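Report on the structure
These are the residues of each chain, in order.
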Amino acid sequence: MPSTRALIHAPWSASKVAMALRCPRLFHFRYVDKIREPEVMPEAKIGKAIHKALESHLMGATLTEACDTARADLDETEQLRFDALGTGIPAFMSRLGQFRKRRRVARQLVEYSLAVREDLTVTQFYSGDAYYRGVLDLGYLFEDDSIALLDHKTGVRIPGSSITDQLEGYAVLSAAAFRHVRTFWLGIHWVAERAVEWAPSIAPETIHDRLAPTLLDNIEAAALAVSDGPRTNTGTWCDRCSYRGMCPASRELRYEPVEWYDDDED
Ligand code: SF4
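Just so it is clear, the model here is predicted, and its values are computed rather than measured.

A short note on the overall build of the chain
Helix and strand content of the chain: 10 helices and five strands. Along the longest, intermediate and shortest principal axes, the C-alpha atoms of the chain span 80 × 50 × 35 Å. Within the chain, buried positions represent 41% of all 266 residues. When contacts within the chain are restricted to residue pairs at least 6 apart in sequence, long-range pairs at least 24 apart make up 65% of them. Split by element, the accessible area of the chain, about 15000 Å² in all, is 51% carbon and sulfur. Taking the average location of the 32 positive side-chain charges in the chain and that of its 39 negative ones, the two points are 9 Å from each other.

Okay, structure coming up:
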């Protein structure tokens, strides 16, 4: 049974848990005070546009149509960065085509919304009883009762973190939604590196016995981290924080006057 402090902030998601653990003040700006992001970082805009292009292309739009629509709202510099990242899309699609030929795909899931209640039973994404939820970038349900879950990442790899740690939430959500599945494959599409990395396959028992309890513990840790108010936790992530302009800690960090000590005794 989750704690009251965890229930107060439900529904949780992977990014919400990560934000609470990284900086409680940022969490409060976003989820407690519900302040709209004052600025959207270029990395976030480009990442969103790449996701959009991949989604439309997977749903049947031509690559040109998908990219033209997705990059339309970016400024000139962001469009150049989008174009550089987007050059990896055809290679990804061709690899996906070959992969699909080798396996009997029962269903393709693109930007697929999943949600569970606190007891990890399935519910609707926008339902009031949703406790944890997420949108799966791409998934394939195969006729042999296995599933492949893939997350597109436009950022850099986080040193020391495993694919399973990063995608544990999707594994828990899809295990609840597709109860007949016996084998789960978790993968990350590193867009900038044009690489797809897969973790060893996971059985539903592992999700039930290990990943689900870890996920619930992480939610509790996140709820505890934000329970004593909007405490700031500054770090390198402040430079990419959408709320940095209104955060006093960031202002101190960024605009602190440089002390000048004159050691010349003359
Ligand atoms: S600027 Fe840094 S300390 Fe301030 S809210 Fe953002 S992440 Fe937290």
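Brief notes about the pattern of salt bridges
Taken as a whole and assessed by the stated rule, the structure comprises 10 salt bridges. A salt bridge links glutamate 78 to lysine 45; its shortest N-O distance comes to 3.3 Å. One end of the pair, glutamate 78, is in helix 6 (residues 76-86); the other, lysine 45, is in helix 4 (residues 42-58), and 33 residues separate them in sequence. Residues arginine 103 and aspartate 144 are paired through a salt bridge, measuring 3.1 Å at the closest nitrogen-oxygen approach. You can see arginine 103 sitting in the loop between helix 7 (89-102) and strand 1 (105-116) and its partner aspartate 144 sitting in the loop between strand 2 (132-142) and strand 3 (146-153), a full 41 residues away along the chain.

Describing the packing of aromatic side chains
Going through the model one piece at a time under the given rule, you end up with eight aromatic pairs. Both rings, one in tryptophan 12 and one in phenylalanine 27, keep their centres 5.8 Å apart while their planes meet at 25 degrees; by these two values the pair is stacked. Of this pair, tryptophan 12 sits in the loop between helix 1 (4-8) and helix 2 (14-22) while phenylalanine 27 sits in helix 3 (residues 24-32), and the two are 15 residues apart along the sequence. In terms of burial, tryptophan 12 and phenylalanine 27 fall into one category: buried. Ring centres of phenylalanine 27 and tyrosine 31 lie 5.2 Å apart, and the angle between their planes is 45 degrees; on these two criteria the pair is classed as tilted. Taken as a pair, phenylalanine 27 and tyrosine 31 lie in helix 3 at a separation of four residues, close to a single helical turn. Residue phenylalanine 27 is classed as buried on the basis of its relative accessible area of 0%. Sitting over the ring of phenylalanine 142, arginine 103 keeps its end group 4.5 Å from the ring centre.

A few points about the packing of helix 4 against helix 7
For the pair helix 4 and helix 7, interaxial distance at closest approach is 12 Å and the crossing angle is 40 degrees. Put simply, helix 4 runs oblique to helix 7. Once helix 4 is placed against helix 7, the crossing between them reads as right-handed. Across from Ala53, Leu54, His57 and Leu58 in helix 4, the residues of helix 7 making contact are Ile89, Phe92, Met93 and Leu96. Per-class residue counts for the contact of helix 4 with helix 7 are seven nonpolar, one polar and no charged.

Some details on the nonpolar core
Grouped together as the largest cluster of nonpolar side chains are 45 residues, with contacts concentrated most on Trp12, Tyr132, Ile147, Phe178, Leu186, Ile207 and Ile219. Looking at this core, the elements that each hand over two or more residues are helix 2, helix 3, strand 1, strand 2, strand 3, helix 8 (163-177), strand 4 (183-190) and helix 9 (204-225).

What to know about the sheet that holds strand 5 (residues 195-198)
Across the sheet, which stays open at both edges, the five strands sit in the order 1-2-3-4-5 with mixed pairing between neighbours. Looking at which strands have only one partner, the edges of the open sheet turn out to be strand 1 and strand 5. Geometrically, the sheet is characterised by an average inter-axis angle of 30 degrees between neighbouring strands, direction not taken into account. Running at roughly 135 degrees to strand 4, helix 8 makes contact with strand 1, strand 2, strand 3, strand 4 and strand 5 of the sheet.

Here we look at the pairing of strand 4
Of all eight residues in strand 4, six are buried; the element is thus mostly enclosed. Here strand 3 pairs with strand 4 via eight bridges, running parallel. Residue pairing across strands places isoleucine 147 opposite phenylalanine 184, the latter belonging to strand 4. The turn joining strand 4 and strand 5, which pair antiparallel and follow one another in sequence, is formed by four residues; a positive phi near 50 degrees is taken by arginine 194.

Some points on the confidence of the model for the chain
Per-chain confidence: the chain averages 90 in pLDDT, with 92% of residues scoring 70 or above. Model confidence for the chain, summarised as mean pLDDT per element, is weakest for helix 10 (residues 248-255) at 67 and strongest for helix 1 at 97.

Cut-offs used in this document
Residues numbered from 1 in each chain as written. Predicted model: local features only at pLDDT ≥ 70, side-chain atom pairs only at ≥ 80, totals over all residues. Heavy atoms only, no water. Helix = DSSP H or I, 4+ residues; strand = E, 2+ residues; numbered from the N terminus. Buried < 20%, exposed > 50% of the residue type's maximum accessible area, 1.4 Å probe, protein only. Contact = heavy atoms within 4.5 Å. Areas by Shrake-Rupley, 256 points an atom, 1.4 Å probe, with all protein chains shown as cover. Lys, Arg positive; Asp, Glu negative; His and termini not counted. Charge placed at Lys NZ, Arg CZ, Asp CG, Glu CD. Salt bridge = Lys/Arg side-chain N within 4 Å of Asp/Glu carboxyl O. Phe/Tyr/Trp six-rings, centres within 6.5 Å; stacked < 30°, edge-to-face > 60°. Lys NZ or Arg CZ within 6 Å of the ring centre and 35° of its normal. Axes fitted to C-alpha atoms, helices over the stretch in contact; angles between N-to-C directions. Parallel < 35°, antiparallel > 145°, perpendicular 65-115°, else oblique. Left-handed = near helix turned anticlockwise from the far one by under 90°. Nonpolar A, V, L, I, M, F, W, Y, C, P; charged D, E, K, R; others polar. Core = buried A, V, L, I, M, F, W, Y, C linked by side-chain atoms within 4.5 Å. Pairing = 2+ DSSP bridges. pLDDT = per-residue confidence, 0-100.

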